[in-house]
Amino acid sequence: MDWTWAEFGLDGIDAVRIIISCIAFYLGIVLLVRAFGQRTLASLSSFDLAAIIALGAIIGRAILGDTPTLFAGLLGLATLLVLQALTGKARHFHRIAGIVNSPAVVLMAGGELLTDNLARAHVDPAEVYSKLRMAGIRQRAEVACVILEPTGQISVTRRGTPIDDELLRGVIGAERIPRED
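All values reported here derive from a predicted model rather than from experimental measurement.

Trainee: Before we go on, may I ask you to explain the overall build of the protein chain in this structure?
Mentor: Counting its secondary structure elements, the protein chain contains six helices and four strands. Each helix and strand of the protein chain, placed in order from N terminus to C terminus, yields the pattern α-α-α-α-β-β-α-α-β-β. Put simply, the protein chain has 181 residues, and 30% of those count as buried. The contacts in the protein chain between residues at least 6 apart in sequence include a share of 62% that link residues at least 24 apart. As displayed, the protein chain has an accessible area near 11,600 Å², and 65% of this comes from carbon and sulfur atoms.

Trainee: Explain the pattern of salt bridges here, please?
Mentor: Should the charged atoms of two oppositely charged side chains come close, the side chains can pair. In the structure shown here, the tally under the stated rule is four salt bridges. Of the charged contacts, one joins Arg176 and Asp116 as a salt bridge, the two residues approaching to 3.0 Å between their closest N and O atoms. In this pair, Arg176 sits in the segment after strand 4 (154–158) while Asp116 sits in helix 5 (residues 115–121), placing the two residues 60 residues apart along the sequence. For Arg169, the salt bridge goes to Glu166, with nearest N and O atoms at 2.7 Å.

Trainee: How do you make sense of the environment of Leu132 when you look at a structure like this?
Mentor: Within the secondary structure layout, Leu132 lies in helix 6 (residues 125–134). Looking at Leu132, the relative accessible area reads 6%, which means it is buried. Between the alpha carbons of Leu132 and Val146 there is a distance of 8.3 Å; along the sequence they are 14 residues apart. For Leu132, the contacting residues outside a window of four places in its chain are Met108, Ile137, Val143, Val146 and Val156.

Trainee: In this structure, what is going on with the sheet that holds strand 2 (residues 112–113)? I would like to understand it.
Mentor: Sheet strands pair via backbone hydrogen bonds, and the direction of the pair is either parallel or antiparallel. Judged by pairing direction, the sheet is antiparallel, and its four strands sit side by side in the order 2-1-3-4 without closing on themselves. Where the open sheet ends on each side, the last strands, each with one partner, are strand 2 and strand 4. Pairing geometry for strand 1 (residues 105–109) and strand 3 (residues 143–148), over four bridges, is antiparallel. What sits directly across from Val105, in strand 3, is Leu148. In this fold helix 6 packs onto strand 1, strand 2, strand 3 and strand 4, with an angle of close to 55° to the strand it touches most, strand 4.

Trainee: How should I be thinking about the environment of Asn117 in this particular structure?
Mentor: Among the secondary structure elements, Asn117 is positioned in helix 5. Taking relative accessible area as the criterion, Asn117 reaches 4% and is therefore assigned buried. Here the alpha-carbon distance between Asn117 and Ile172, two residues 55 residues apart in the chain, equals 8.4 Å.

Trainee: In this structure, what is going on with the pairing of strand 4? I would like to understand it.
Mentor: Within a regular strand, the side chains alternate between the two sheet faces. Of the strand pairs in this sheet, strand 3 and strand 4 are connected by five bridges, and their pairing is antiparallel. Note that in strand 4 the partner of Cys145 across the bridge is Thr157. Hairpin geometry of strand 3 and strand 4 is characterised by an intervening segment of five residues between the two adjacent antiparallel strands and by a positive phi of about 100° at Gly152.

Trainee: How should the nonpolar core be read in this particular structure?
Mentor: One finds Leu107, Met108, Val123, Val128, Leu132 and Val146 to be the most contacted residues of the largest nonpolar core, which totals 14 residues. One finds Ala144, Ile147, Val171 and Ala174 within the second-largest nonpolar core, a separate group that totals 12 residues.

Trainee: What is the right way to read a nonpolar patch on the surface from this model?
Mentor: A surface patch of nonpolar side chains, about 230 Å² in accessible area, is lined by Ile19, Ile23 and Leu27. Residue placement: Ile19 occurs in helix 1 (residues 12–36).

The rules behind each value
- Residues numbered from 1 in each chain as written.
- Predicted model: local features only at pLDDT ≥ 70, side-chain atom pairs only at ≥ 80, totals over all residues.
- Heavy atoms only, no water.
- Helix = DSSP H or I, 4+ residues; strand = E, 2+ residues; numbered from the N terminus.
- Buried < 20%, exposed > 50% of the residue type's maximum accessible area, 1.4 Å probe, protein only.
- Contact = heavy atoms within 4.5 Å.
- Areas by Shrake-Rupley, 256 points an atom, 1.4 Å probe, with all protein chains shown as cover.
- Salt bridge = Lys/Arg side-chain N within 4 Å of Asp/Glu carboxyl O.
- Pairing = 2+ DSSP bridges.
- Axes fitted to C-alpha atoms, helices over the stretch in contact; angles between N-to-C directions.
- Core = buried A, V, L, I, M, F, W, Y, C linked by side-chain atoms within 4.5 Å.
- Patch = residues over 30% accessible without salt bridge, like charges linked within 9 Å, V, L, I, M, F, W, Y side chains within 5 Å.

Spatial relationships are all this shows, so hold off on functional conclusions.
Laid out in structure tokens, this is it:
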């Protein structure tokens with residue numbers, strides 16, 4: 001039996017198409033996550049997980065073409081991993097970090113929900129209340145602040161000890177957090 005690379009379904013033109021498709025989809029995902037906010041992928045409900053799996057299947061099909069092959073799949077995977085590594089390295093540059101990383105945003109300052117920041121971050125007040133309950137908060141008066149972190153997670157800080165200004169550097173809405181105990 002005589003095996004050739006063509007039998008595995010990957011020639012030079014297909015390889016270039018796969019690499020360009022991977023780059024385009026990667027950039028598109030980065031831009032969409034920035035547009036829809038960091039909460040998009042932070043905590044997934046079962047519905048969100050199903051949607052992500054379906055999106056992955058659609059993107060995979062679009063990248064690999066009509067009949068995916070072993071080498072096309074490996075090339076697509078390698079391209080995505082290289083893009084992820086390059087993005088990680090590029091985050092050290094302030095200009096690129098501003099594109100890729102979302103800033104932290106204050107969602108609640110003291111007992112006040114900041115509706116403008118909730119809308120900006122695409123966070124529902126119910127999510128904030130859920131995080132408050134999970135943090136053991138029983139009254140709004142116990143809250144110093146609730147912050148949507150760059151990772152998409154929501155952090156809760158209690159009143160009682162002043163917050164170091166260094167911890168709030170670069171946080172959108174930090175000036176609205178009460179500084180008294």
